[in-house]
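# Chain and residue survey
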Amino acid sequence: MVQVDKQESTETIKESVAYLESRGFENIKADIEGYDTPKSYNKKGSDVSITPDIVAERAGVKHYFEISLKSQKPRLLKSKWRFLDVLTRMRNERFKIITRRGHYKFTNEMLEDLNLQKNLIKL
């Protein structure tokens, strides 16, 4: 999610981290208090910084997780998802999207606009 929407969704990130821990993920880094912050990527020539919501490992493979909630800045969110998708495919890692009830339609429309085929993790 985009930095603007981050304040409202801290509870969703905590739920997602608990879900991932129960699924056997290790070395979890999340963009909330109490966890290490995942590595940020800066766009050259501007002040835009991209930080994945959650990064975790399972069976030696790094997974990037994005929380999909309705956003005030869908264009910025699309560019973030596109970047993370390209990055993970380049490094042979995984990129997954976590969403919750009430946000499925928004998430599916965003994925359709980006032409990405993702199985959503529904909380």
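Structural notes, computed from the coordinates. Nothing here was measured: the structure is a model prediction, and the numbers come from that model.

### Quick look at a positive patch on the surface
Judged by side-chain charge, Lys 29, Lys 39, Lys 62 and Arg 91 come together as a positively charged surface patch. For Lys 29, the position within the fold is in strand β1 (residues 26–30).

### Overview of the packing of helix α2 (residues 74–90) against helix α3 (residues 104–114)
Look at α2 against α3: their axes get within 10 Å of each other, and the N-to-C directions meet at 60°. α2 and α3 meet at a crossing whose hand is right-handed. Note on element contacts: α3 touches α2 through Phe 106, Thr 107, Met 110, Leu 111, Asp 113 and Leu 114, opposite Pro 74, Leu 77, Lys 78, Trp 81 and Arg 82. By residue class, the composition of the contact of α2 with α3 is seven nonpolar, one polar and three charged.

### Some remarks on the pairing of strand β4 (residues 54–58)
Strand direction decides the pairing type here: β1 and β4, joined by three bridges, are antiparallel. Following the sheet pairing, Ala 30 is matched in β4 by Ile 54. In this structure, β4 lies alongside strand β5 (residues 61–68), joined through five bridges in antiparallel fashion. Its bridge partner being in β5, Ile 54 is matched across the sheet by Phe 65. Turn length for the β4-β5 hairpin, with the two strands adjacent in sequence and antiparallel, is two residues, and the turn residue Ala 59 shows positive phi of about 55°.

### Quick look at unusual backbone geometry
The bulk of non-glycine residues show a negative phi, and the bulk of peptide bonds are trans. Even without being a glycine, Asn 27 presents a positive backbone phi close to 50°. Here Asn 27 shows up in strand β1. Of note, the phi angle at Asn 92 is positive, near 60°, even though the residue is not glycine. As for its placement among the helices and strands, Asn 92 is situated in the loop between α2 and β6 (94–99). For Asn 92, a relative accessible area of 61% translates into the label exposed.

How each quantity is defined
Residues numbered from 1 in each chain as written. Predicted model: local features only at pLDDT ≥ 70, side-chain atom pairs only at ≥ 80, totals over all residues. Heavy atoms only, no water. Patch = residues over 30% accessible without salt bridge, like charges linked within 9 Å, V, L, I, M, F, W, Y side chains within 5 Å. Areas by Shrake-Rupley, 256 points an atom, 1.4 Å probe, with all protein chains shown as cover. Salt bridge = Lys/Arg side-chain N within 4 Å of Asp/Glu carboxyl O. Lys, Arg positive; Asp, Glu negative; His and termini not counted. Charge placed at Lys NZ, Arg CZ, Asp CG, Glu CD. Helix = DSSP H or I, 4+ residues; strand = E, 2+ residues; numbered from the N terminus. Axes fitted to C-alpha atoms, helices over the stretch in contact; angles between N-to-C directions. Left-handed = near helix turned anticlockwise from the far one by under 90°. Contact = heavy atoms within 4.5 Å. Nonpolar A, V, L, I, M, F, W, Y, C, P; charged D, E, K, R; others polar. Pairing = 2+ DSSP bridges. Buried < 20%, exposed > 50% of the residue type's maximum accessible area, 1.4 Å probe, protein only.

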